[in-house]
Amino acid sequence: MNNPEEERKYWIARMGKQAALDLLASGRITVGNMDSIAMMSEEDQVQTLKVAIQYSGLMNVGLVKLQQEMIPYLQQLEKNSDRILPTFDGIENNLNINLAEKLGYEKKNIQSSNQSEDL
């Protein structure tokens, strides 16, 4: 990147996403990510942490909603299935988990691009 403003936005978005994943996984931003964020200007630190908090909050809400939608199907499987544990055997062939298909979820790409995002 040759444009300093685009590079600034890229790092705010990237570090915000990394910090958000830390928050989702453990509820805290790891020392390594916090160290990187601390090296930014104060304004960029604030913006990065806003991205992290917003993204992790939205992801948590989404996860709760998906879990609530799946509860009836999981309860049905619990009553009617002789399986004890799920398997991911063959998932690499089509990235399809049968329960998600039964719920009518379309396969969507959730991986973000390397493009910087407007903040």
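Procedures and definitions
Residues numbered from 1 in each chain as written. Predicted model: local features only at pLDDT ≥ 70, side-chain atom pairs only at ≥ 80, totals over all residues. Heavy atoms only, no water. Helix = DSSP H or I, 4+ residues; strand = E, 2+ residues; numbered from the N terminus. Buried < 20%, exposed > 50% of the residue type's maximum accessible area, 1.4 Å probe, protein only. Contact = heavy atoms within 4.5 Å. Axes fitted to C-alpha atoms, helices over the stretch in contact; angles between N-to-C directions. Parallel < 35°, antiparallel > 145°, perpendicular 65-115°, else oblique. Left-handed = near helix turned anticlockwise from the far one by under 90°. Phe/Tyr/Trp six-rings, centres within 6.5 Å; stacked < 30°, edge-to-face > 60°. Salt bridge = Lys/Arg side-chain N within 4 Å of Asp/Glu carboxyl O.

**Structural notes on the overall build of the protein chain**
Then step 1. Along its length, the protein chain carries five helices and zero strands.
Then step 2. Order of helices (α) and strands (β) in the protein chain, N terminus to C terminus: α-α-α-α-α.
Then step 3. When the 119 residues of the protein chain are sorted by exposure, 15% land in the buried category.
Then step 4. For the protein chain, the share of sequence-separated contacts (at least 6 apart) that also reach a separation of at least 24 residues comes to 65%.

**Quick notes on the packing of helix H1 (residues 4-26) against helix H2 (residues 31-38)**
Packed helices, taken two at a time, are described by their axes: the angle between them and the distance between them.
Then step 1. For the pair H1 and H2, the least separation of the axes is 10 Å and the interaxial angle reads 150°. In terms of orientation, H1 lies roughly antiparallel with respect to H2. Seen from above, H1 lies across H2 with left-handed handedness. Contact residues: Met15, Gln18, Ala19 and Asp22 in H1; Asn33, Ser36 and Ile37 in H2.

**Focus: the packing of aromatic side chains**
Within a pair of aromatic rings, the relevant descriptors are the distance that separates the centres and the angle that separates the planes.
Then step 1. In this structure the tally under the stated criterion is one aromatic pair.
Then step 2. Ring centres of tyrosine 10 and tryptophan 11 lie 5.1 Å apart, and the angle between their planes is 85°; this geometry places the pair in the edge-to-face category.
Then step 3. The exposure class assigned to tyrosine 10 is buried, which follows from its relative accessible area of 18%.

**Focus on the pattern of salt bridges**
Then step 1. Under the definition given, this model contains three salt bridges.
Then step 2. For arginine 8, the salt bridge is made with glutamate 5, and the minimal N-O distance between the two is 2.8 Å. Residue arginine 8 and its partner glutamate 5 are located together in helix H1, separated by three residues, close to a single helical turn.
Then step 3. For glutamate 5, a relative accessible area of 37% puts it in the partly exposed group.
Then step 4. The residue glutamate 43 makes a salt bridge to arginine 8 at a minimum N-O spacing of 3.6 Å. One end of the pair, glutamate 43, is in helix H3 (residues 42-80); the other, arginine 8, is in helix H1, and 35 residues separate them in sequence.
Then step 5. For glutamate 43, a relative accessible area of 57% puts it in the exposed group.

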